[in-house]
Amino acid sequence: MNRPDKDPAGPPHNVRIVRKNNRMEIPSSLDYLPKVDQFVESKLKKLRIKKDQLVDIAISVSEIVTNAVLHGNKNDLGKKVKIKVDATPSQVEVIVEDEGTGFDPSSVECRFDPESLLKEAGRGILIVDSLMDKVEILCGPGKGTKVKIVKLLR
């Protein structure tokens, strides 16, 4: 049975991406990651960001959106992932929100645990934490998850 979010031809055509100013809303499918990358890059083009900072932000946003789609919204195309980008000459702040059930951030394995570094999956927060200057995870039971990441531009 073919699922619309697993269509090899690309994203399903019956769902919408919403873009408004510095915000984007996508259906919960990893097929939309390239669109998210384009959106974030278009918001950062105005700033003269060093290439390594741009890469750090792009990788971090991709990791957080992937977590929102897979773990938060469980690939449910009826649920949305919201991305907000605020960029100034001194910092870039990105907020990613899902419509899932939320989780306990303290349940994320210790970021300094050597065994966590060797796992094939489950290192997204560790990666983001190492690339960004600030990472804040806000969630509550039944309220989804909001992740705020900040990169200081030096």
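All values reported here derive from a predicted model rather than from experimental measurement.

Chemist: Please provide a residue-by-residue account of the sheet that holds strand S6 (residues 145-152), values included.
Modeler: Within the open sheet, the six strands sit side by side as S1-S2-S3-S4-S6-S5. Their pairing is antiparallel. The open sheet is flanked by strand S1 (18-20) and strand S5 (134-139), the only strands paired with a single partner. Direction aside, the axes of adjacent strands within the sheet are offset by 10° on average. Helix H1 (residues 33-44) contacts S1, strand S2 (23-27), strand S3 (80-87) and strand S4 (91-97) of the sheet and is inclined by roughly 15° relative to S3. Packing of helix H2 (residues 51-72) onto the sheet brings it into contact with S2, S3, S4 and S6, and relative to S6 it is tilted by some 175°.

Chemist: I'd like to hear about the pairing of S6, residue by residue, with values.
Modeler: With seven bridges connecting them, S4 and S6 associate as antiparallel partners. For Glu93, the partnering residue across the bridge sits in S6 and is Val150. Of the pairings in the sheet, the one linking S5 to S6 comprises six bridges and is antiparallel in character. Following the sheet pairing, Glu136 is matched in S6 by Lys148.

Chemist: Please provide a residue-by-residue account of the packing of H2 against helix H4 (residues 124-131), values included.
Modeler: The relative placement of two packed helices is expressed as an angle between their axes plus a distance between the axes. Remark: H2 packs on H4, axes separated minimally by 9 Å, with the N-to-C direction vectors making an angle of 155°. Relative to H4, H2 is oriented roughly antiparallel. Seen from above, H2 lies across H4 with left-handed handedness. Residues Asp56, Ile59, Ser60, Glu63, Ile64 and Asn67 of H2 form the contact with H4, whose participating residues are Gly124, Ile125, Ile127, Val128 and Leu131. Residues that form the contact of H2 with H4 fall into these classes: six nonpolar, three polar and two charged.

Rules and cut-offs
Residues numbered from 1 in each chain as written. Predicted model: local features only at pLDDT ≥ 70, side-chain atom pairs only at ≥ 80, totals over all residues. Heavy atoms only, no water. Pairing = 2+ DSSP bridges. Helix = DSSP H or I, 4+ residues; strand = E, 2+ residues; numbered from the N terminus. Axes fitted to C-alpha atoms, helices over the stretch in contact; angles between N-to-C directions. Contact = heavy atoms within 4.5 Å. Parallel < 35°, antiparallel > 145°, perpendicular 65-115°, else oblique. Left-handed = near helix turned anticlockwise from the far one by under 90°. Nonpolar A, V, L, I, M, F, W, Y, C, P; charged D, E, K, R; others polar.

Function cannot be inferred from these measures alone, as they are strictly geometric.
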